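Notes for the structure review
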Amino acid sequence: MISFNVPPVVGGEKENIADVLQLRKISGDGKYTKLCSEWIEKKTGTARTLLTTSCTHATEMAALLLDIQPGDEIILPSYTFVSTANAFVLRGATAVFVDIRPDTMNMDETLIEEAITPKTKAIVPVHYAGVSCEMDTIMNIADKYNLKVVEDAAQGIMSTYKGRPLGTIGDFGCYSFHETKNISMGEGGALLIKNTADIGQAEIIREKGTNRSRFFRGEIDKYTWVAPGSSYLPSELNAAFLYAQLCKAQEIYDDRMKSWNLYYELLKPLQQDGKIELPFIPQECVHNAHMFYIKTKDIAQRTALITYLKKHEISTVFHYVPLHTAPAGEKCGRFSGEDKYTTKESERLLRLPMYYGLGDSNVEKVAECIKAFYC
Ligand SMILES: *Cc1c(COP(=O)(O)O)cnc(C)c1O
């Protein structure tokens, strides 16, 4: 059986966790949290990175930092994971969905402006499959209307747009280290902060609304409750696991990219014959091989292909019921304009097995099987 995903274990995780046990500092913000944050800061150039318990929580922190209030609106794609919307809806905001571009499955930047109302507070682009949204256009619109930008870069670690790491372009960027992502800590994430002015408040929100971070740095002699906040910091055990993976980030990247490129090469003839569509990577984007998907003719063909592949012991998945059609989305959101592509394209998309260590022979087997289905 070829699994759809196998969580990465790259070596070094056990040793780092043993080190934490030895150090007897197991709660958050110890040696490994610091090492992970510094790694991300150095790699991306962001002003500050705070490790969090998930990407969902990093996005919730961004919503708190933007002081999102009931009645506010945020603009996001409908084709995304629930967390992109939930973080803001939890604060009482309305999710305003815009259609996606069929080529990248990212929010269509040309539809954002007409979705803006006097209540709009932020734009939340999602970099689907680690392929960047059209960020220059999005940042220009945000500037023009004085809106904030929160990047859902859950899938975007090590990807860039015009050379700039995803998650560092908007005011805030959110990474996921869930076990389904390229680099993992089981459950976890990070908040990337662009403006130094936001760092202090972010630290407070993450530490239960206290100024404990300043206390630990010796800047104040006792800590206290200074603002509403929550508990968004992961334990050192998780951070130690993550640091081992960050140290091998390039190896993980290279391995996944090799599989991605091989899929592309082997399936290209099917695209040329008009049987399937392959992912499109805009010229200004460098992606991270987070996902390899194909698009079938329609939902019926996708269902048939999934069954066929399953019979040949290959596990494939699709995802994201468009949020505007989900029960909570109908209640907490609205679609701006017409759903030209969101539903139609999401029904055609199929994700192929993709993980660190997948290997050429498995990729060949999957590609052969898809070819056999179509001939
Ligand atoms: C995985 C994912 C999330 C959620 O990440 P968690 O770390 O599990 O909270 C959010 N948005 C997108 C686009 C994702 O792919």
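Now for a quick tour of the structure.

Rules of the game
Residues numbered from 1 in each chain as written. Predicted model: local features only at pLDDT ≥ 70, side-chain atom pairs only at ≥ 80, totals over all residues. Heavy atoms only, no water. Near = heavy atom within 4 Å. Polar contact = N/O pair within 3.5 Å; in protein donor to acceptor, adjacent residues only side chain to side chain. Nonpolar A, V, L, I, M, F, W, Y, C, P; charged D, E, K, R; others polar. Helix = DSSP H or I, 4+ residues; strand = E, 2+ residues; numbered from the N terminus. Expected span 1.5 Å × (residues − 1). Buried < 20%, exposed > 50% of the residue type's maximum accessible area, 1.4 Å probe, protein only. Contact = heavy atoms within 4.5 Å. Phe/Tyr/Trp six-rings, centres within 6.5 Å; stacked < 30°, edge-to-face > 60°. Pairing = 2+ DSSP bridges. Axes fitted to C-alpha atoms, helices over the stretch in contact; angles between N-to-C directions.

1. Things to note about the site of the ligand
- Not every one of the 13 residues close to the ligand is listed here, only the nearest: Thr56, Asp152, Gln155, Ser176 and Lys181.
- Here threonine 56 contributes a side-chain N or O atom positioned 2.5 Å from an oxygen atom of the ligand.
- Between lysine 181 and the ligand, the recorded distance is 3.3 Å, taken from a side-chain N or O atom to an oxygen atom.
- Looking at the shell around the ligand residue by residue, the classes come out as five nonpolar, six polar and two charged.

2. A word on helix α8 (residues 236–247)
- For α8, with 12 residues, the first-to-last C-alpha span of 16 Å sits near the 16 Å given by 1.5 Å per residue.
- Within the sequence span of α8, burial applies to Glu236, Ala239, Ala240, Leu242, Tyr243, Ala244, Gln245 and Leu246.
- Where α8 is buried, its residues meet α1 (13–23), α2 (31–44), β1 (48–52) and α9 (249–272).
- The residue sitting at the N-terminus of α8 and contributing the capping side-chain oxygen is serine 235; that oxygen lies 3.0 Å from the backbone nitrogen of leucine 237.

3. Brief notes about the packing of aromatic side chains
- Scanning the entire structure with this criterion turns up 13 aromatic pairs.
- On the basis of an interplanar angle of 45° and a centroid distance of 6.0 Å, the ring pair of tyrosine 128 and tyrosine 293 is categorised as tilted. Here tyrosine 293 lies in strand β11 (residues 293–295) and tyrosine 128 lies in the loop between β4 (120–123) and α5 (135–145), a separation of 165 residues in the sequence.
- Among the residues examined, tyrosine 128 registers a relative accessible area of 1% and is labelled buried.

4. Here we look at the sheet that holds strand β9 (residues 189–193)
- Sheet architecture is open: eight strands sit in the order β1-β9-β8-β5-β4-β2-β3-β12, paired in mixed fashion. Edge strands, defined here as strands with exactly one partner in the open sheet, are β1 and β12 (333–335). Each strand of the sheet is rotated relative to its neighbour by a mean of 25°, with strand direction disregarded.
- Here β1 runs beside β9; their pairing, made up of five bridges, is antiparallel. When the sheet's bridge partners are listed, leucine 50 is paired in β9 with leucine 191.
- Across the sheet, α5 lies against β4 and β5 (148–152), angled at about 150° from β5, the strand it touches most.

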